[in-house]
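Read off the chains here:
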Amino acid sequence: MIIENEDEVTPAVLKAMSGGKDPRLLQIASAFVRHMHAFAREVRLTEKEYEVGLDMLNRIGQATNDSHNEAVLFGDSIGFSTLVCLMNNGMGGATETAAALLGPFWRMNSPPTKNGDTIVRSKTDGAPLFANLVIVDQAGKPIPNVEVDVWHSSPVGLYENQDPEQADMNLRGKFHTDAEGRFWFRSTRPAGYPVPTHAVTGDILREQNRHPFRPAHLHFLCYKEGFKTLITQVFVDDDEYLNSDVVFGVTRALVGNFQKHESGKAPAEDVTGPWFTLDYRLVMEPGTAQLPQPPIK
Ligand code: BEZ
Ligand code: FE
């Protein structure tokens, strides 16, 4: 088709795409084109601005490698990951959900770890944390034998893959719930941390005068046939960034009670100072057990 004017572009593209074989893909691709064209019209996008946008896309790809995923980080920083998460969990967004965004730091093949064991695998400062969790279905019935990946950053605010001082897989472990749906482990209390800001997402945050911090949290990925894979985070309740998480991951249900203990019998003999406990209940929804694409290797 020969394009006569601006108004003819969108219908011409939609028509050209209409032979797509996969109906869902066609729905998504057509909506994408309609919204992109509407966006350009709304802001009257200049050629220079279009160049900047394309350059951003290229730089997101160039900054992504085996140990860093800039695309995930970008999607997180504009709230898109949380939007998609909340639309797809909690019975299609109808009810509260225990789900949260995956983030860029989940790795496959966390070391299998027995309940009660520690996930501290190299010297890691910080107060001891004893976490006790239970996984239940929507009727409150415990779910046994759920495979649970746990990962979190160190008290200096770095994941092991970002930090040569930490052993491989430090602060990561794979657990299984027992007959009562429980799993429990020892670690150190996590700290909040800034997301990586060396690439496009960092440029955007600086331009928008936004801080790069996430409140301290633990990550969980819970997997069992018959249930929708539950990807979530539990946040430290007194963190200063709880109300301004740079990636919009905090929902009310996910604020944990990290209780400080300064006296009484510690849960382990080597604990000499204050320690923390976390007791938390995770609810899995019925659905398909599916692992996400690992954002890093
Ligand atoms: C994380 O919690 O690991 C994370 C999530 C989103 C962006 C960066 C980090
Ligand atoms: Fe994290």
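Scroll up to find the structure.
Residues numbered from 1 in each chain as written. Chains lettered and ligands numbered in written order. Predicted model: local features only at pLDDT ≥ 70, side-chain atom pairs only at ≥ 80, totals over all residues. Heavy atoms only, no water.

Novice: Explain the site of ligand 1 to me, using residue names and the numbers behind them.
Specialist: Around ligand 1 there are 13 residues in total, and Asp76, Tyr193, Arg214, His217 and His219 lie nearest to it. Residue Tyr193 places a side-chain N or O atom 2.6 Å away from an oxygen atom belonging to ligand 1. One of the side-chain nitrogen or oxygen atoms of His219 is found 2.9 Å away from an oxygen atom of ligand 1. For ligand 1, whose accessible area on its own is 270 Å², the fraction buried by protein is 100%. If you list the elements that add at least two residues to the shell around ligand 1, you get helix 4 (70-77) and strand 7 (217-223). (Near = heavy atom within 4 Å. Polar contact = N/O pair within 3.5 Å; in protein donor to acceptor, adjacent residues only side chain to side chain. Areas by Shrake-Rupley, 256 points an atom, 1.4 Å probe, with all protein chains shown as cover. Helix = DSSP H or I, 4+ residues; strand = E, 2+ residues; numbered from the N terminus.)

Novice: Tell me about the sheet that holds strand 1 (residues 128-136), residues and numbers included.
Specialist: Pairing in this open sheet of 4 strands is mixed, and the strands run 4-1-11-10 from one edge to the other. This sheet does not close on itself; its edge strands, each paired only once, are strand 4 (182-188) and strand 10 (258-261). Here the strands of the sheet are splayed against their neighbours by 20° on average, with no regard to which way each runs. (Pairing = 2+ DSSP bridges. Axes fitted to C-alpha atoms, helices over the stretch in contact; angles between N-to-C directions.)

Novice: Give a detailed account of the coordination of the iron ion (ligand 2), specifying residues and quantitative values.
Specialist: Within the protein, Tyr159 (OH), Tyr193 (OH), His217 (NE2) and His219 (NE2) serve as the donor atoms for the iron ion (ligand 2), at 1.8 to 2.2 Å. What the 6 donor atoms of the iron ion (ligand 2) show is an angle range of 54 to 164° at the metal, which sorts the shape as irregular. Using a relative accessible area of 4% as the deciding quantity, one classes Tyr193 as buried. (Donors = N, O, S within 2.8 Å, 3.2 Å for Na, K, Ca; no water. Tetrahedral: all angles 85-135°; square planar, octahedral: opposite > 155°, others 65-115°. Buried < 20%, exposed > 50% of the residue type's maximum accessible area, 1.4 Å probe, protein only.)

Novice: Quick one: what's the story with the nonpolar core, residue by residue and with numbers?
Specialist: Ranked by internal contacts, the top residues of the largest apolar core, which has 33 residues, are Ile135, Phe183, Phe185, Phe220 and Cys222. Listing elements by their share of this core, those giving two or more residues are strand 1, strand 2 (147-151), strand 4, strand 7, strand 8 (230-236) and strand 11 (275-283). If sequence neighbours within four positions are ignored, Phe220 has contacts with Leu133, Val148, Asp149, Val150, Trp151, Phe183, Phe185, Leu230, Ile231, Thr232 and Val234. Among the nonpolar cores identified, the runner-up in size contains 9 residues, and Leu102, Trp106, Trp151 and Ile296 belong to it. (Core = buried A, V, L, I, M, F, W, Y, C linked by side-chain atoms within 4.5 Å. Contact = heavy atoms within 4.5 Å.)

Novice: Quick one: what's the story with the pairing of strand 11, residue by residue and with numbers?
Specialist: Side chains on a regular strand alternate between the two faces of the sheet. Pairing between strand 1 and strand 11: 8 bridges, direction parallel. If you follow Leu129 over to strand 11, its bridge partner there is Phe276. Looking at chain direction, strand 10 and strand 11 are connected through 4 bridges and run antiparallel. By the bridge assignment, Phe258 is partnered in strand 11 with Leu278.

Nothing here speaks to function; it is all geometry.
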